[in-house]
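# Remarks on the overall topology
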Amino acid sequence: MSDLIQSWLPSANSPDSEFPLNNLPYGVFSVADGDLRCGIAIGNRIVDVTGLEAAGLLRADPDAEVLDAPFWNDFMDLGPQVWATFRAALTAMLKADASDDAQDAITTYSVPMAGATLHLPFRVSEYTDFYAGRHHATNVGTMFRGAENALPPNWLHMPIGYNGRASSVVVSGTDIRRPWGQLKSPDHETPIFAPCRRFDIELELGAIVGTASNRPLSVDQANANIFGYVLLNDWSARDIQAWEYQPLGPFQAKATATTISPWIVPSAALIPFRTATPPREKPLLPHLADTTAMNHTITLSVTLNGEQIAHTNADELYYSSAQQLAHHTTSGCPMRAGDLLGSGTISGPEKINRGSLLELSWGGKEPFTLANGDTRTFIEDGDTLALHGTAKGNGYQIGFGPCTGQILPAAKDPFQT
Ligand code: MN
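Residues numbered from 1 in each chain as written. Predicted model: local features only at pLDDT ≥ 70, side-chain atom pairs only at ≥ 80, totals over all residues. Heavy atoms only, no water.

### Description of the overall build of the protein chain
The secondary structure content of the protein chain amounts to nine helices and 27 strands. Relative to the compact-globule value of 22 Å for 417 residues, the protein chain shows a C-alpha radius of gyration of 21 Å, a close match. Overall, the C-alpha framework of the protein chain stretches about 75 × 50 × 45 Å when taken along its three principal axes. In the protein chain, which comprises 417 residues, the proportion classed as buried is 54%. The long-range fraction of contacts in the protein chain, counting pairs at least 24 apart against all pairs at least 6 apart in sequence, stands at 72%. A total accessible area of about 17500 Å² is found for the protein chain, and carbon and sulfur atoms account for 53% of it. Once the 27 positive and 44 negative side-chain charges of the protein chain are each reduced to a mean point, those two points are 7 Å apart. (Helix = DSSP H or I, 4+ residues; strand = E, 2+ residues; numbered from the N terminus. Rg over C-alpha atoms; globule rule 2.2 N^0.38 Å. Buried < 20%, exposed > 50% of the residue type's maximum accessible area, 1.4 Å probe, protein only. Contact = heavy atoms within 4.5 Å. Areas by Shrake-Rupley, 256 points an atom, 1.4 Å probe, with all protein chains shown as cover. Lys, Arg positive; Asp, Glu negative; His and termini not counted. Charge placed at Lys NZ, Arg CZ, Asp CG, Glu CD.)

### Considering helix H5 (residues 134-145)
When the terminal C-alpha atoms of H5 are compared, their 16 Å separation across 12 residues agrees well with the 16 Å that a helix rising 1.5 Å per residue should span. Buried within H5 are the following residues: His136, Ala137, Asn139, Val140 and Gly141. Those residues of H5 that are buried lie in contact with helix H9 (357-360). (Expected span 1.5 Å × (residues − 1).)

### Considerations on the coordination of the manganese ion
Only Asp129 (OD), Glu202 (OE), Glu204 (OE) and Asp234 (OD) from the protein coordinate the manganese ion, and they sit 2.1 to 2.2 Å from it. Read in sequence order, the donor residues for the manganese ion give the motif D-x72-E-x1-E-x29-D. Within this pair, whereas aspartate 129 is found in strand S6 (residues 127-130), its partner glutamate 202 is found in the loop between strand S12 (199-200) and strand S13 (203-209), the two being separated by 73 residues in sequence. The two residues aspartate 129 and glutamate 202 agree in class, both being buried. (Donors = N, O, S within 2.8 Å, 3.2 Å for Na, K, Ca; no water.)

### Observations concerning the sheet that holds strand S2 (residues 37-42)
Read across the open sheet, the five strands follow the order S4-S3-S2-S1-S5; overall the sheet is antiparallel. Where the open sheet ends on each side, the last strands, each with one partner, are strand S4 (110-112) and strand S5 (116-119). For this sheet the average axis-to-axis angle between neighbouring strands, irrespective of direction, equals 45°. (Pairing = 2+ DSSP bridges. Axes fitted to C-alpha atoms, helices over the stretch in contact; angles between N-to-C directions.)

### Remarks on the environment of valine 140
Within the secondary structure, valine 140 is located in helix H5. A relative accessible area of 7% places valine 140 in the buried class. For valine 140 and proline 20, which are 120 residues apart along the polypeptide, the C-alpha to C-alpha distance reads 38 Å. In contact with valine 140, not counting residues within four places along its chain, are Tyr131, Leu358 and Glu359.

### Looking at the state of the cysteines
Within the structure shown, the criterion is met by zero disulfides. Free of any disulfide, cysteine 196 has its nearest cysteine sulfur in cysteine 403, 19 Å distant. (Disulfide = S-S within 2.5 Å.)

### Side note on unusual backbone geometry
Following glutamine 246, the chain continues into proline 247 via a peptide bond in cis, with omega recorded as 10°. Mapped onto the secondary structure, proline 247 falls in the loop between helix H7 (238-244) and strand S16 (258-260). With a phi angle near 55°, leucine 24 is a residue other than glycine that sits in the positive phi range. Here leucine 24 lies in the segment before strand S1 (26-31). Look at leucine 24 and you get buried, because its relative accessible area is 2%. Positive phi values are uncommon outside glycine, yet tryptophan 362 reaches one of about 45°.

### Some words on the side chain of serine 11
Assignment of secondary structure puts serine 11 in the segment before S1. Polar contacts involving the side chain of serine 11 include one to the side chain of asparagine 44, which spans 2.9 Å. The contacts of serine 11, once residues within four sequence positions are left out, are Ser17, Ile42, Gly43 and Asn44. (Polar contact = N/O pair within 3.5 Å; in protein donor to acceptor, adjacent residues only side chain to side chain.)

### Examining the domain arrangement of the protein chain
Domain boundaries in the protein chain define domain 1 (10-119) and domain 2 (127-408). Distance between the C-alpha centres of domain 1 and domain 2: 29 Å. The interface of domain 1 with domain 2 comprises 27 residues on the first partner and 26 residues on the second. Between domain 1 and domain 2, the buried area comes to about 2000 Å², and carbon and sulfur atoms account for 66% of it. (Domains from an automatic or database assignment. Buried area = accessible area lost by both parts, 1.4 Å probe.)

### A short note on the environment of histidine 287
Checked against the element boundaries, histidine 287 lands in the loop between strand S18 (274-275) and strand S19 (295-296). Of the residues examined, histidine 287 reaches a relative accessible area of 42% and is grouped as partly exposed. For histidine 287 and glycine 348, which are 61 residues apart along the polypeptide, the C-alpha to C-alpha distance reads 27 Å. Discounting residues that sit within four places of it in the chain, histidine 287 has contacts with Val219 and Thr330.

Given below as structure tokens:
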């Protein structure tokens, strides 16, 4: 028997749809030259929840219009109880047995997805990127420091991360300009300032912090406070990174852009896909230990100009997003609604499971061949890279929408406006 929740909207019941009633992801959309509005994807339509709220047909907060904004942050900050109540109310309006009044309201306040423009779904308060994929950390460590020193001694005890730039986050479909930077390679004795030659992707899952906090959170508290998940591509300039990363970690190599999918898949929609983290190689300290299954089984893949070049699964993450968030707060670090936590590149055990070109081409030493006979080590100008993610349920699937970007050539003179 199928676990699809049937809707009166036929397109939501298609087994090919990324947006069945089981999903209900949060986005921000506009139509023609209209204003930006909060929307929920269902089948091939977007429900205009800003419009439903203004009309008094669907309220998240009885006291305030929190959806009258081009982002979901105010709604997020109301907390998990409100998210659940809102999800239940919207589900009732979209279910096969919804009342005529509910169906009329949805018909009035929804638009075809095909005619809508999607925007960043939330205001990114701060952005942190982790390094929680065991295979990726091992591969990169082996390339940068040799097999013996691949995993730093701290890696098996806590999720390693760095503070990124919220300002770098863009929505899927945004063009990405190849950056300039300071490069140092064995080919030249002193550093040069030049366009990046080793521009790369990182296939990641992004978790969005739902409500503000200013004290350490347990893993369970952190888990309850994750609003939802996006696909995340951490564009990375490997030659800039190799020269700058010691002693304080990535800086300009990761500051050009970070692309996310336009839809935030609610944590609630992913509960059926919960799975345990991989076996612990060293026991974690109690405050970071797993309490229950908090990873997710989500099929992930990368395409280059439409051709699949890698596939992996989110269940490879050694640390769940809940463990990442819990660790993030141990110092008392204040978190805000709309903080974005990148998981780190998710690779798997085989060559085809590698979530970055750095790994796929083994540091550029082993070019890989595309179907048309072209070879690649790193991204070339004009290439379009896309991430895809699907949680496959019984009789339905959950998707995030696209996470794509095309690479434009570097500016001739980066200081010339
Ligand atoms: Mn990353």
